[in-house]
Amino acid sequence: MSKSWYILHTYTGYENKIDRTIKALIEKGEVDSSIVTDVRVPVEEVVEIKDGKKKVHNDLFMPGYVMLEMDLPEIDWKATCSKLRRIQGVTGFVGTNPNERPRPISAAEAKNLLQKSGVIKGEKQVKIKQSYVVGDMVKINDGPFASFSGNIEEVNDEKDKLIVNVQIFGRATPVEVSMLQVERIN
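Owing to the predicted nature of the structure, the values given are computational and were not obtained by experimental measurement. (Residues numbered from 1 in each chain as written. Predicted model: local features only at pLDDT ≥ 70, side-chain atom pairs only at ≥ 80, totals over all residues. Heavy atoms only, no water.)

**Q** Describe helix α1 (residues 15-28), naming the residues involved and giving the relevant values.
**A** With 14 residues, α1 should reach 20 Å at 1.5 Å per residue; the first-to-last C-alpha distance of 20 Å fits that figure. For α1, the full list of buried residues reads E15, I18, D19, I22 and L25. Buried residues along α1 cover an arc of 130° about the axis, so they all sit on one side. Looking at α1, the residues exposed on the side facing more than 90 degrees away from the buried face are R20, E27 and K28. As for α1, its buried residues are in contact with β1 (4-10), β2 (36-40), β4 (53-60), β5 (65-70), α2 (77-85) and β6 (90-93). Backbone geometry just after α1 places G29 at a positive phi near 90°. (Helix = DSSP H or I, 4+ residues; strand = E, 2+ residues; numbered from the N terminus. Expected span 1.5 Å × (residues − 1). Buried < 20%, exposed > 50% of the residue type's maximum accessible area, 1.4 Å probe, protein only. Arc of directions from axis to C-beta. Contact = heavy atoms within 4.5 Å.)

Have a look at this one:
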């Protein structure tokens, strides 16, 4: 047996309740802690800028799913899986029928999901909940160009960067800034 990550499909909105329920079942001894070793609800950090203030909160990036790290035995796997499937709000394991042994996700997929949610150290991804379009007027409020204002020339959503045309010594100069460093001017 070896530990692998499995995805449990749930009703949307039940993810945290199911997380708590599984942890309670482990604590009571109804589910073996050597089989189910970790339970995670995949969330990502979202930065939202409103009224010039930066607000950070966590959002589900896989609504309706819970990740389980399990060391599933070859024999007697049905007992554990059926206990997990019987939890209210659980619809089953992703990619399998109730009478089939669940299939784990690949190690690369698990690493990617855990890294995105900040469980694994590395490049934690932060999602910025702010949309800018070319031509928007913005004020830079952080970094070397703080207090400069200008028009957005280019938007790179993948890297969360903007090219802003600012006036430096009377000349229009394009500068690259993070979306976190600017605020929209109405």
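Anyway, onward from the coordinates.
**Q** Residues and numbers for the nonpolar core, please.
**A** The nonpolar side chains of soluble globular proteins are, as a tendency, buried together. In terms of nonpolar packing, the biggest core is built from 20 residues, with L8, I22, V36, L68, M70, L84 and F93 touching the most fellow members. Among the nonpolar cores identified, the runner-up in size contains 12 residues, and Y132, I140, L162 and V164 belong to it. (Core = buried A, V, L, I, M, F, W, Y, C linked by side-chain atoms within 4.5 Å.)

**Q** Outline the environment of E27, supporting the account with residue identities and numerical values.
**A** Of note, E27 is situated in helix α1. By relative accessible area, E27 is classed as exposed at 75%. For E27 and R101, which are 74 residues apart along the polypeptide, the C-alpha to C-alpha distance reads 24 Å.

**Q** Break down the packing of aromatic side chains for me, with residues and values.
**A** For the coordinates displayed, the defined rule picks out three aromatic pairs. Ring geometry for Y6 versus F93: centroids 6.4 Å apart, planes at 80°, classification edge-to-face. Residue Y6 is located in strand β1, and its partner F93 is located in strand β6; the two are separated by 87 residues in the primary sequence. With respect to class, Y6 is no different from F93; both count as buried. On the numbers, 5.5 Å between centres and 85° between planes, the contact of Y11 with Y14 is edge-to-face. Judged by relative accessible area, which is 29%, Y14 ranks as partly exposed. Over the aromatic face of F61 sits the side chain of K116, whose NZ or CZ is 4.7 Å from the ring centroid. (Phe/Tyr/Trp six-rings, centres within 6.5 Å; stacked < 30°, edge-to-face > 60°. Lys NZ or Arg CZ within 6 Å of the ring centre and 35° of its normal.)

**Q** Describe in detail the pairing of β1, supporting the description with residues and values.
**A** Along β1, six of the seven residues are buried, which leaves the element largely enclosed by surrounding structure. Summarising the sheet, β1 and β5 pair through six bridges and their orientation is antiparallel. Within β5, the position partnered with W5 by the bridge is E69. As paired strands, β1 and β6 are joined by three bridges and run antiparallel to one another. Across the sheet, the residue bridging to H9 is G92, located in β6. (Pairing = 2+ DSSP bridges.)

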